[in-house]
Amino acid sequence: MRELRQQPIDPQAEQEIIDSIEEVYFSNDSFDMVRHELEKLPPELNLQELEEYRDKLKRQQAAVSKRVADLILEKQPSYVKELERVTALQANLQLAAVICTNARRQLRVSKEEFTEASLGLLANQRRRQLLTGLLKSLRTIKTLQRTDVRLSEMLEEEDYPGAIQLCLECQKAASTFKHYSCISELNSKLQDTLEQIEEQLDVALSRTCKHFDVLHYTKVQKAYTLLGKTQTAMDQLHMHFTQAIHNTVFQVVLGYVELCAGNADTKFQKMQYKDLCTHITLDSYIPCLTDLCKALWEVMLSYHRTMQWHEEHDKQKTVPSQDDAAGESDELTVDRSYVKKKLEHGLTRIWQDVQLKVKVYILGTDMSNFKYDDFIVVLDVISRLMQVGEEFCGSKSEVLQESIKRQSVNYFKNYHRARLEELRMFLENETWELCPVKSNFNIAQLHEFRFMGQCRSPSVSPSRQAASSAGPALEELSLFQQYHQDGNPFEMHTEHKEEETEDVLASNGYESDELEKSVYQDYDSDSDVPDELKQDYVDEQTGDAPLKSVSRETIRSKKKSDYNLSKASAPILTNTTLNVIRLVGKYMQMMNILKPIAFDVIHCVSQLFDYYLYAVYTFFGRNDMPVPSPSLPTYSGREAVPARVVGPACLYESSGLGLISSRLRTTLNRIQESLIDMDPVGENAGVHGPAEDRKEKVPSPHLSQMVILTDSGTLYGLAQRVVATESLVFLAEQFESLQSHLDTMMPAAKKPFLQQFYSQTVSTASELRKPIYWIVAAKAIDYEQMLLMMAGVKWDIKEIMSQHNVYVDVLLKEFEQFNKRLGDVSRHVRIPLPVSNVLWEHCIRLANRTLVEGYANVKKCSNEGRALMQLDFQQFLMKLEKLTDLRPIPDKEFVETYIKAYYLTENDMEQFIKNHRVRLSIYYQTGGFRIAFCLSSSLTLAALCVPVCACWTQEYSMKQLANLVNVCLGSHINKKARQKLLAAIDDIDRPKR
């Protein structure tokens, strides 16, 4: 082996030898190579093979040994170095053993030198330190156990932030000593105390819903902030507001119900709020409503102030700028955003709850039987509440408007029906005496129209006017600003009502007794009678009296022609008129407060005027009174019927006055169809419409038996007629003055109704003067006597006369007497200029028509007779012009043209007949049907039951034209021409027959 190791071997060959070694020799240290080789021997041994194999193993062993030796030689420096380290470690271990031996020896010496007392002192010192720490912990625990007493005191003082702060600190301290067994019980007790604080905090939060206090609410919010429950607090707050509204209204209504019940019956407390509202009596309705609104105002004011507190708090609160507070700042921003949105959303919710509660109260009682003033108070309170809602959350209060509209429509229908019946009663008991008012009387002086004097919009309630009158600065503030600290917008403003008085009535219709004396001092004698009418002789050449006398009497006549006297500025009205005006004021006040029913109210206002107008016409304008006059002769064919006297009833149609215009006739028909119940007893209910429609109608009024219209001494009730007619005109003037105000309150879609009412009804009031005063004019002058006297005059004279006929003086005496009686009437009732003009126009027109009728009755007439006719008529005109200022004289041309027609030639006469033929269209209504007749001659109309309109297109009747032709026969018209002209008249009349 040594030889083999010493022999040089090629490294490659050496590596091949090592590689040829079996892998098993490199497996592990426990490998038994001998056993391995022996087991490899074959059953039959061969020495040579064994030797060869032995040599192989030797070469392998020599190669391995050589390789190991080479490696050892290669690592020799490392080996030496490591060996040195082992030697150093051995030296260190020996040194450590020496040190340990010395330490043990020294410890043994120390034990022997120190005593056990010294060691005991050290142990006691350490125990003392431990006990001192324990005592401190026990004192803290004792303080924690006594914290509940302090917490109770702080809760009684309502120091909620301090109580919560203390409780949280105690909980934090308790967690420090949780290793003590007594702390677990204390910790549970603190948790219960914290829950109790939250409960009391919730109660404190609920108290802010009715009476908001800044300090109190600040404490509550700070407490919730410490608890980290800001959002929860806001949710709870809205729940408390809802509960506060419910509890408030229930307690207010319950209190009034129990007070009115008069006993301690507790069944009311178990009722629902809706059922409870039905037990409110009429006497307690308004006080309960007022208190209800006051209580709800307190709740809404608290909510408003709550929002203000949060707005101011958010402005004052500064957000921390440190980086470590960023998370806290984000959380604070989220809380503020939540609170703001919750409060804004809560405005509508709170107001909706208030509306629903008040709606139930409003609809719980039937207010149809309320007094007007009480109902106005209700409207005022609800209007103020709606104003609060608009300022509270910008709501239009549709729920309240709908409920109050339902009650208002129901109330107003009953109220208006009662007022119409009351108006009928007033009219039927009205004696049409003058109601003495001052000359400066104006509807604004009446209590009912005081609301119009306030500068405000129609939607503002009257109670707000009291606030607005306090000053411009106060008016600009909202209700929440005005009553921020104290007061209530629903306080009843009654302190000024006692001071308000009406000073509209005058003493006996005059401002003073001296004025009354000066008015009538000129009427105490006969000085108003012109001297010319007393003379037996008048110069026929001129027809005038001496110049001086004419001037004096003309001046006196002009002074008194309108009979206004010194009372010209005093309006003519009756107590009924004043009552209607007051009703209009009340109606306007109602719709001023509640605009949704403005159209219904204005419609009812129009019915008041309609009924008054219809009553005045029915009482004084119908020609249905018996007139003791024979009928007017008619003409048919070529022959003239013998003359008869003409009565006023005939002259009504033949005068061509056109008494009732088509517009007035249409208005009267409309009123009768829509407002007048023609069958109040109910005998022909089916004819006049369903019962529902008849409910809206009123029976036609009847004139009081105290009013006498048949006495000639009073000019057939002229004073009453003047008072009635002119009071209607005055009423129409007041309606005209109110048109602009009514127009502002009328809905745009309904304004045509208002315009039509004014154009077709109000404006026709003055047109009633003609038919009403015509009846007086038809009876005041004795036209029948004049016709009889004219029939006795001889007209076929041969010489021209210088003296007029007696009938002219008689007729002028009639007019003189008429003028005197007008003056007598004017002592009691002022006769306005339009009235005197209508009366004079009617009388003159009827007199002139009577003259024509009298001339038409003449059988024979000469040229000198026609001259006498002209003389008579000129004398009549001259004296008449001194009695009246009316110019021109009505129908003057009508008479003159007829007289002058006598001188026309045949051709001119034929043209005259064609141009002056008569056509009378008479409209009247009976049984609901309108009938029109076209008549060719005069016709006596019996008592018509409805308005009549007579419309003439030409002047002369067939009989008058035929008489004109017959009288001209023999003078300048022969028989042939007469037949031709009569045939022309007959041709004109034939189509009508």
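Conventions used here
Residues numbered from 1 in each chain as written. Predicted model: local features only at pLDDT ≥ 70, side-chain atom pairs only at ≥ 80, totals over all residues. Heavy atoms only, no water. Helix = DSSP H or I, 4+ residues; strand = E, 2+ residues; numbered from the N terminus. Buried < 20%, exposed > 50% of the residue type's maximum accessible area, 1.4 Å probe, protein only. Contact = heavy atoms within 4.5 Å. Areas by Shrake-Rupley, 256 points an atom, 1.4 Å probe, with all protein chains shown as cover. Patch = residues over 30% accessible without salt bridge, like charges linked within 9 Å, V, L, I, M, F, W, Y side chains within 5 Å. Salt bridge = Lys/Arg side-chain N within 4 Å of Asp/Glu carboxyl O. Lys, Arg positive; Asp, Glu negative; His and termini not counted. Charge placed at Lys NZ, Arg CZ, Asp CG, Glu CD. Expected span 1.5 Å × (residues − 1). Phe/Tyr/Trp six-rings, centres within 6.5 Å; stacked < 30°, edge-to-face > 60°. Lys NZ or Arg CZ within 6 Å of the ring centre and 35° of its normal. Axes fitted to C-alpha atoms, helices over the stretch in contact; angles between N-to-C directions. Parallel < 35°, antiparallel > 145°, perpendicular 65-115°, else oblique. Left-handed = near helix turned anticlockwise from the far one by under 90°. Nonpolar A, V, L, I, M, F, W, Y, C, P; charged D, E, K, R; others polar. Disulfide = S-S within 2.5 Å. Core = buried A, V, L, I, M, F, W, Y, C linked by side-chain atoms within 4.5 Å.

By the naming in an unreviewed UniProt entry, the protein is VPS50 EARP/GARPII complex subunit, taken from Poecilia mexicana.

Q: Before we go on, may I ask you to explain the overall build of the protein in this structure?
A: Within the protein one finds 37 helices and five strands. For the protein, the proportion of its 993 residues judged to be buried stands at 45%. Long-range pairs, those at least 24 residues apart, make up 80% of the contacts in the protein between residues at least 6 apart in sequence. When the accessible surface of the protein is split by element, carbon and sulfur atoms take 52% of a total near 52,100 Å².

Q: Is there a simple way to explain a negative patch on the surface in this structure?
A: Where like charges cluster on the molecular surface, the negative patch consists of Asp 10, Glu 16, Asp 19 and Glu 23. Counting through the fold element by element, Glu 16 comes out in helix α2 (residues 11-19).

Q: Sorry if this is basic, but what is going on with helix α33 (residues 863-883) here?
A: Because an α-helix packs 3.6 residues into every turn, residues spaced three or four apart end up facing the same way. The end-to-end C-alpha distance of α33 is 31 Å, a good match for the 30 Å that 21 residues give at a rise of 1.5 Å each. Burial runs high along α33: 15 of the 21 residues are buried.

Q: Teacher, can you tell me more about helix α23 (residues 598-620) here?
A: In a regular helix each residue adds 1.5 Å, so 23 residues correspond to 33 Å; α23 covers 33 Å between its end C-alpha atoms and thus fits that length. Across the 23 residues that make up α23, a large majority, 20, are buried.

Q: For this particular structure, what's the right way to read the pattern of salt bridges?
A: Two side chains carrying opposite charge are able to pair once their charged atoms lie near each other. Scanning the model with the defined rule gives 27 salt bridges in all. The salt bridge involving Lys 40 is made with Glu 22; its shortest N-O contact spans 2.4 Å. Taken together, the residues Lys 40 in helix α3 (residues 33-40) and Glu 22 in the loop between α2 and α3 connect sequence positions 18 residues apart. Here Glu 22 falls in the partly exposed class, since its relative accessible area comes to 30%. The structure contains a network of salt bridges with shared partners spanning Glu 841, Arg 845, Arg 849 and Asp 891.

Q: When you look at the packing of aromatic side chains in this model, what are you seeing that I'm missing?
A: A full pass over the atoms with the stated rule returns 31 aromatic pairs. Considering the side-chain rings of Trp 432 and Tyr 612, the 6.2 Å spacing of their centres and the 70 degrees angle between planes classify their relative orientation as edge-to-face. Remark: Tyr 612 occurs in helix α23 and Trp 432 occurs in the loop between α16 (398-429) and α17 (462-468); sequence separation between them is 180 residues. With 5.5 Å between their ring centres and 85 degrees between their planes, Tyr 902 and Tyr 903 make a pair best called edge-to-face. By the ring-pair criterion, three or more aromatic residues cluster together here, those being Tyr 372, Phe 375, Tyr 411, Phe 412, Tyr 415 and Tyr 587. For Arg 849, the ring lying beneath its charged end belongs to Phe 894, and the centroid distance is 3.9 Å.

Q: Where do I start with unusual backbone geometry in this structure?
A: Excluding glycine, a negative phi dihedral is what most residues carry, and trans is how most peptide bonds are arranged. Cis geometry marks the peptide bond from Arg 887 to Pro 888; its omega dihedral reads -5 degrees. Mapping Pro 888 onto the fold places it in the loop between α33 and α34 (892-900).

Q: Would you take a moment to explain the packing of α23 against helix α25 (residues 662-674) for this structure?
A: For any two helices packed against each other, one specifies the crossing angle of their axes together with the interaxial distance. Two elements in contact, α23 and α25, have axes separated by 10 Å at closest approach and are oriented at 110 degrees. Classified by the interaxial angle, the pair formed by α23 and α25 is roughly perpendicular. Once α23 is placed against α25, the crossing between them reads as left-handed. The segment α23 lies against α25, with Asp 610, Leu 613, Tyr 614 and Tyr 617 engaging Leu 668, Arg 670, Ile 671 and Gln 672. A breakdown of the residues in the contact of α23 with α25 according to their chemical character gives five nonpolar, one polar and two charged.

Q: Looking at this model, I keep getting lost on the environment of Leu 292. Mind explaining?
A: The topology assignment puts Leu 292 in helix α13 (residues 282-316). Separated by 40 residues in sequence, Leu 292 and Val 252 have C-alpha atoms that sit 6.2 Å apart. Contact partners of Leu 292, with chain neighbours within four places excluded, come to Val 249, Val 252, Val 253, Tyr 273 and Tyr 361.

Q: How should the state of the cysteines be read in this particular structure?
A: Each disulfide consists of a covalent bond between the sulfur atoms of two cysteine residues. Applying the stated rule across the entire model yields zero disulfides. Cys 260 takes part in no disulfide bond, and the closest cysteine sulfur to it belongs to Cys 288, at a distance of 8.3 Å. By relative accessible area, Cys 260 is classed as partly exposed at 37%. Cys 277 provides the cysteine sulfur closest to Cys 288, a residue in no disulfide bond, and the two sulfurs are 7.4 Å apart. When its relative accessible area of 0% is taken as the criterion, Cys 288 is described as buried.

Q: How do you make sense of the packing of helix α32 (residues 833-856) against α33 when you look at a structure like this?
A: Packing of α32 against α33 leaves a shortest axis separation of 12 Å and a crossing angle of 170 degrees. One element, α32, and the other, α33, form an angle in the roughly antiparallel class. For the pair α32 and α33, contact is made by Trp 840, Ile 844, Ala 847, Asn 848, Leu 851 and Tyr 855 and by Met 869, Asp 872, Phe 873, Phe 876, Leu 880 and Leu 883, respectively. For the contact of α32 with α33, a count of residues per class yields ten nonpolar, one polar and one charged.

Q: Just checking my understanding: could you explain the side chain of Arg 769 for this structure?
A: Tracing the sequence through the fold places Arg 769 in helix α29 (residues 769-780). Since its relative accessible area comes to 13%, Arg 769 is described here as buried. If we ignore the near neighbours within four places in the chain, the residues touching Arg 769 are Thr 725, Glu 726, Val 729, Trp 774, Pro 834, Val 835 and Val 838.

Q: Sorry if this is basic, but what is going on with the nonpolar core here?
A: A general trend in soluble globular proteins is that nonpolar side chains are found buried together. With 227 residues, the main nonpolar core has Phe 815 and Phe 876 as its most contacted residues. Counting residues per element, this core draws most heavily on α23, which supplies 16 residues. Discounting chain neighbours no more than four positions away, the residues touching Phe 815 are Ile 781, Trp 840, Cys 843, Ile 844, Ala 847, Phe 876, Leu 880 and Leu 883.

Q: Sorry, what's going on with the environment of Ser 836 here?
A: With respect to the helices and strands, the residue Ser 836 is situated in helix α32. Along the primary structure Ser 836 and Asp 885 are separated by 49 residues, whereas in three dimensions their C-alpha atoms are 9.9 Å apart.

Q: Hey, could you run me through a nonpolar patch on the surface in this one?
A: A surface patch of nonpolar side chains, about 480 Å² in accessible area, is lined by Met 33, Val 34, Leu 38, Leu 41 and Leu 45. On the secondary structure map, Leu 41 appears in the loop between α3 and α4 (47-74).

Q: Help me out: how do you make sense of the environment of Lys 229 in this one?
A: If you trace the backbone, Lys 229 turns up in the loop between α10 (214-227) and α11 (230-261). On the basis of relative accessible area, Lys 229 is assigned to the partly exposed category, the value being 27%. Sequence spacing of Lys 229 and Asp 335 is 106 residues, and the spatial spacing of their C-alpha atoms is 9.3 Å. Once residues within four sequence positions are removed from consideration, Lys 229 is found in contact with Glu 198 and Tyr 224.

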